[in-house]
Amino acid sequence: MGAAAASGYQTPVSSITRIFCWTVVSATLVFALNNYLIFWLDWPGMVTFLGHLGLLPAFAPKNPLDGTATTLGAVQTLSYLFCAVGAVLYTKRTPDRPLRADSETMVSVSAYIIRASFWAVIFVGVADMVISFLRVEDLLTVLFGDEMATALGRPQFRGSYVHIPLIVAGCVMAAFSRSLGFTWLALLVVVAELSIVISRFIFSYEQAFQGDLVRFWYGALFLFASAYTLYEDGHVRVDVLYAGLTSRMKGLVNIWGSLLLGMSLCVTVLAIGMAGKSSIINSALLSFEVSQSGFGMYVKYLMAGFLGIFAITMMIQFAAYMLESLADYRDDPGKRQITEASAH
């Protein structure tokens, strides 16, 4: 096994693991896309399509799907099949590709999603805070007129015409940035909290949007940083056995831990949060849900979406972790050296 590992040559186990991990990553991204198509664009989805065909009678639609809906449902169903087929073809065509190289590619995908999310919450947080401040001080009408001030007070309008363009801008910015922004966002959380202290105790001024901004940014920092922390092996381990294991045994533990504990958690979050229109993530996003804190920020629905970002990035990161752990178990060259500072 040592010679095979040193050369990067694939064994049946490594091939199956690569196929599984790439299927998981692609299927997770396809699931997120299909979730949007189903609940925002009214596509039927795989489950409804299979119910229409009689393969899942419990999920059969009340009315048979028409020709267009049947086609769309077939496309969505086949998209998951393409994930598995694509993973098989990719693995067969790249038999000499090291496991660590595939792992790094998955890490890059996760990192882009995290970067885009970080930029988006910074842009949205600042913009919504300014709008909320102007609204609570009755300055929106002065600056933008009655019609625009009224529109900005509606969650659907602010979400569609302020938040979504800023989220798109965050995705574009992430393509040109390589920093994940953890430090800057942590600093902004401190600044936002400090502003509450100063305004409350010096100027006797405090509004709901100030606390909303702290919670918005802190929630993003905590949930978005989880995948990167996993990559740096920075999550706290509560076991007393792992530290004394050999590198190969640590790899084996991480493989099964990623599969049985990590990925199962992500599946649970996605299944509970995005199973239907009334699910905790989808319902908040579809309705642009806001808090009932008077003139607070209109970002509560995005905080529900943070859970989806967390589950998606962690799923991708667990797949990458499995490949890297298998490489460690095989003693493949190129093992990352994680410093103590980044591991705690």
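Residues numbered from 1 in each chain as written. Predicted model: local features only at pLDDT ≥ 70, side-chain atom pairs only at ≥ 80, totals over all residues. Heavy atoms only, no water.

Let's shift gears to the packing of aromatic side chains. Counted according to the given criterion, the structure contains 9 aromatic pairs. Aromatic side chains W22 and Y90 sit 5.5 Å apart centroid to centroid with 75° between the ring planes, which places their arrangement in the edge-to-face category. One end of the pair, W22, is in helix α2 (residues 12–39); the other, Y90, is in helix α4 (residues 67–93), with 68 residues separating them in the sequence. Each ring, one from F288 and one from Y301, has its centre 5.1 Å from the other, and the planes form 65°; the classification is edge-to-face. Placement of the pair is F288 in the loop between α11 (280–287) and α12 (300–329) and Y301 in helix α12, with a sequence separation of 13 residues. Of the two residues examined, F288 and Y301, each falls in the buried class. (Phe/Tyr/Trp six-rings, centres within 6.5 Å; stacked < 30°, edge-to-face > 60°. Helix = DSSP H or I, 4+ residues; strand = E, 2+ residues; numbered from the N terminus. Buried < 20%, exposed > 50% of the residue type's maximum accessible area, 1.4 Å probe, protein only.)

Bringing unusual backbone geometry into the picture now. In this model, D138 sits at a positive phi of 55°, which is unusual for a non-glycine residue. Mapped onto the elements, D138 comes out in the loop between α5 (99–136) and α6 (140–152). Although it is not a glycine, D331 sits at a positive phi angle of roughly 60°.

Attention shifts here to the nonpolar core. If you look at the biggest cluster of nonpolar residues, it comprises 63 residues, and the most contacted ones within it are M106, V121, L185, F216, W217 and F224. Here this core gets 18 residues from one element, more than from any other, and that element is α12. Dropping the residues within four chain positions of it, M106 is found in contact with C21, W22, V25, I316, A319, A320 and L323. Counting 6 residues, the second largest nonpolar core, distinct from the first, contains I131, L134, A149 and V162. (Core = buried A, V, L, I, M, F, W, Y, C linked by side-chain atoms within 4.5 Å. Contact = heavy atoms within 4.5 Å.)

Our next topic: the pattern of salt bridges. If you walk through the whole model with that rule in mind, you get 9 salt bridges. A salt bridge links R18 to D102; the nearest nitrogen and oxygen atoms lie 2.5 Å apart. Taken together, the residues span a long stretch of sequence, with R18 in helix α2 and D102 in helix α5 at a distance of 84 residues. As far as burial versus exposure is concerned, R18 and D102 are alike and both buried. In this structure, the salt-bridge partner of R330 is D332, at a minimum N-O distance of 3.0 Å. Among the ionic contacts, a cluster of salt bridges with common partners joins R18, R97 and D102. (Salt bridge = Lys/Arg side-chain N within 4 Å of Asp/Glu carboxyl O.)

Closest axis-to-axis distance for the α2/α12 pair is 9 Å, and the angle between their directions is 170°. Judged by the angle between their axes, α2 and α12 are roughly antiparallel. Contact with α2, carried on its side by V13, S14, T17, R18, F20, C21, V24, V25, T28, L29 and A32, involves I312, M315, I316, A319, M322, L323 and L326 of α12 and no other residues of that element. Partitioned by chemical class, the residues of the contact of α2 with α12 number 14 nonpolar, 3 polar and 1 charged. (Axes fitted to C-alpha atoms, helices over the stretch in contact; angles between N-to-C directions. Parallel < 35°, antiparallel > 145°, perpendicular 65-115°, else oblique. Nonpolar A, V, L, I, M, F, W, Y, C, P; charged D, E, K, R; others polar.)

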